[in-house]
Every structure is written in structure tokens, then in C-alpha cells.
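Close look at the chain arrangement
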Amino acid sequence: MNYEEKRKKLVNNLKNRDYPVLTKPEVIKAMLKVPRHLFVPKDAESSAYIDSPLSIGSGQTISAPHMNAMMCEYLELKEGDKVLEVGTGSGYHAALCAELVAPKNSKHPGHVYTIERHEDLAKKAKIALKKTGYESMVTVIHGDGTLGHQKEAPYDKILVTAASPKKIPPPLRNQLKDNGILCIPAGSKSYGQDLYIIRKQGEDYDSKRITGVRFVPLIGEFGFES
Ligand code: SAM
């Protein structure tokens, strides 16, 4: 089976799970398009279409595909959105977001800003994004994502792919547009977290718990200590 066929099979499995993780046509299209195998280390390529996290170096992981799909769906990503991702990792999730906010031939393309604290991963993600054609839609920044990225704020959507402490980093809440959505796992550093969808409404933040999750920790000024 070639990689495209494996990708189709994975997407079908995600669509047919008892707990709905992949339902929206535009997210399905993005998951079918982005070549996950080109974002993982060579020796993990053959496992790229298994629904599992994989090691990407620097002690970090690329999340399982069902988690990528779920987060994209809950973020309600749409053409033209300006997105901030904290935790670039491999760059795969940023590419998925780019497919949704800046699809091919888009008249109003959005943009994805993504921050990674490990310089080596940020460099590798940049290379993978260039190789797969997402370079112009995604800006990779090396730094502490708990501070957000004030220069391009406010954002329509903010995606955090590492586990935050219960107190959500204030810069991320502040850099959200009115009616913007923040998707973030928060809880303990090592023993699991809850995934939250937080919508900014004027001065208020409406927070909804989605499910229990397990992410690597968010390390930084407003995150955990390393
Ligand atoms: N979204 C990634 C992908 O598609 O491969 C997976 C992200 S991985 C689960 C979490 C990433 O968050 C790790 O690469 C980790 O180094 C990064 N990270 C942790 N704390 C961070 C911070 N304060 N700023 C930026 N990145 C951070």
C-alpha cells in the first residue's frame, strides 16, 4: 500500500470512530492532502499513518492524527483566519491549519504563525513545510510560545499543542480576537490534562471542557518549569 492509500485508510478509520473526531468535509479534505510521512523522521515514515503519536527528536512528539483532526474541528478554522500555534513540533499540524485557512487559489488567504521552543525542531519544521509547499502560508518562529506573538496579534484562532498549567498563559488569552477561539490542553505537567475550547466574548471567556488528553508539557515563562 502506498502512502496515499494509507492516508485514505487512516482518514476512513477516523471518520468511522464511535466518538466523532473527524466529521467536517474541509478537515477531511485537509487530512487527505497533507503528507504526514514527510513531517516525521525517516525511520518513522512507515508508521506515519498509524493513529499514534510518534517521536520527532528533542524528546518531543507529533500528536496522534485523531488529536490533530479534533483540534482542527473544534477551532472552526476557515479561509482567511489568522492562526497562532504554540508548539510547532514537526510542522504537520501547522500545515493542516494552513490547508484550512489558506486553501489553494484562495482569494482571502489566512496565515499560520507557529512557535517552537526547540531551535532544532523549528529548523526541521521549516524544511518540511518548504518541501511540502506550505512555506508561504506558515511562519515558523523560534521562541517561548507562552508569550504568544504580539507582533501579529490579535488572532482569530490560537492552538496550543503542549500541556499548559491550569492557569492559561495570559498573553494567549489577551492575543485572541473578540469571538476568537483558543484550543488548549491544561492540567498537570505529567499526569494528563483536559482539552479546553475557550471562546472570547467581549471581556468574557467562555470555557468548555472537551475530553481528557495527554500532551508533553508547555515549558516557558507562563508554562511549566523545565
Ligand atoms: N503540533 C506539533 C506537530 O504537529 O508536530 C506537535 C507538538 S508537540 C506535541 C508539542 C511541542 O510543543 C513540542 O515540540 C515542544 O517542544 C513545544 N513546546 C513546549 N513548550 C513550548 C513553548 N513554551 N513554546 C513553544 N513551543 C513549546
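These figures come from a predicted structure and were not determined experimentally.

**Some words on the site of the ligand**
- Taken together, 26 residues lie near the ligand, and Thr 61, Ser 90, Glu 116, Gly 145 and Ile 219 sit nearest.
- Contact between the ligand and Gly 87: a nitrogen atom at 3.0 Å from a main-chain N or O atom of the residue.
- One nitrogen or oxygen atom from the side chain of Asp 144 is found 3.0 Å from a nitrogen atom belonging to the ligand.
- Protein contacts shield 100% of the accessible area of the ligand, which totals 610 Å² for the unbound molecule.
- Where the shell around the ligand is concerned, the elements lending two or more residues are strand E2 (60-62), helix H4 (92-101) and strand E4 (111-116).
- Residue composition of the shell around the ligand, grouped by class: nine nonpolar, 13 polar and four charged.

**Brief notes about helix H2 (residues 25-33)**
- Along H2, the residues classified as buried are Val 27, Ile 28, Ala 30 and Met 31. All buried residues of H2 project into a common sector of 165 degrees when viewed along the axis, lining one side. Of the exposed residues in H2, the ones pointing more than 90 degrees away from its buried face are Pro 25 and Lys 29.
- Buried residues belonging to H2 abut helix H1 (3-15), helix H3 (65-75) and H4.

**With respect to the packing of aromatic side chains**
- Taken as a whole, this structure holds three aromatic pairs when the rule is applied.
- Taking 5.9 Å as the distance between ring centres and 65 degrees as the angle between the ring planes, the aromatic pair formed by Phe 39 and Tyr 92 counts as edge-to-face. Of the two residues, Phe 39 sits in the loop between H2 and strand E1 (54-57) while Tyr 92 sits in helix H4, which places them 53 residues apart along the sequence.
- Classification of Phe 39 as buried rests on a relative accessible area of 6%.
- On the basis of relative accessible area, Tyr 92 is assigned to the buried category, the value being 1%.

**Quick word on H4**
- Burial analysis of H4 places 10 of its 10 residues in the buried class, the great majority of the element.
- Within H4, burial applies to Tyr 92, His 93, Ala 94, Ala 95, Leu 96, Cys 97, Ala 98, Glu 99, Leu 100 and Val 101.

**Comments concerning the nonpolar core**
- Among the nonpolar cores identified, the biggest contains 53 residues, and Leu 22, Met 31, Leu 77, Val 112, Tyr 134, Val 138 and Leu 195 are the most heavily contacted of them.
- Residues Leu 84, Tyr 113, Leu 172 and Ile 198 belong to the second largest nonpolar core, which totals 18 residues.

**Some words on the pattern of salt bridges**
- All told, the structure shown has nine salt bridges when counted by the stated rule.
- Between Lys 33 and Glu 99 there is a salt bridge, and its shortest N-O distance comes to 3.4 Å. Of this pair, Lys 33 sits in helix H2 while Glu 99 sits in helix H4; the two residues are 66 residues apart in sequence, bridging distant segments of the chain.
- With relative accessibility at 14%, the residue Glu 99 sits in the buried group.
- With its nearest N and O atoms 2.8 Å apart, the salt bridge here joins Lys 42 to Glu 45.
- The exposure class assigned to Lys 42 is exposed, which follows from its relative accessible area of 68%.

**Let's talk about the packing of H2 against H4**
- Packing of H2 against H4 brings their axes to within 9 Å, and their N-to-C directions diverge by 130 degrees. One element, H2, and the other, H4, form an angle in the oblique class. The hand of the H2/H4 crossing is right-handed. Contacts between H2 and H4 pair Glu 26, Val 27, Ala 30, Met 31 and Lys 33 from the former with Tyr 92, Leu 96, Glu 99 and Leu 100 from the latter.
- Considered class by class, the residues forming the contact of H2 with H4 number six nonpolar, no polar and three charged.

**Some details on the environment of Tyr 134**
- Relative to the assigned elements, Tyr 134 resides in the loop between helix H5 (119-131) and strand E5 (138-142).
- Among the residues examined, Tyr 134 registers a relative accessible area of 3% and is labelled buried.
- In the structure, Tyr 134 is positioned 43 residues away from Gly 91 in sequence and 9.7 Å away in space, judged by C-alpha atoms.

The rules behind the values
- Residues numbered from 1 in each chain as written.
- Predicted model: local features only at pLDDT ≥ 70, side-chain atom pairs only at ≥ 80, totals over all residues.
- Heavy atoms only, no water.
- Near = heavy atom within 4 Å.
- Polar contact = N/O pair within 3.5 Å; in protein donor to acceptor, adjacent residues only side chain to side chain.
- Areas by Shrake-Rupley, 256 points an atom, 1.4 Å probe, with all protein chains shown as cover.
- Helix = DSSP H or I, 4+ residues; strand = E, 2+ residues; numbered from the N terminus.
- Nonpolar A, V, L, I, M, F, W, Y, C, P; charged D, E, K, R; others polar.
- Buried < 20%, exposed > 50% of the residue type's maximum accessible area, 1.4 Å probe, protein only.
- Arc of directions from axis to C-beta.
- Contact = heavy atoms within 4.5 Å.
- Phe/Tyr/Trp six-rings, centres within 6.5 Å; stacked < 30°, edge-to-face > 60°.
- Core = buried A, V, L, I, M, F, W, Y, C linked by side-chain atoms within 4.5 Å.
- Salt bridge = Lys/Arg side-chain N within 4 Å of Asp/Glu carboxyl O.
- Axes fitted to C-alpha atoms, helices over the stretch in contact; angles between N-to-C directions.
- Parallel < 35°, antiparallel > 145°, perpendicular 65-115°, else oblique.
- Left-handed = near helix turned anticlockwise from the far one by under 90°.

Read these as spatial facts, not as claims about activity.
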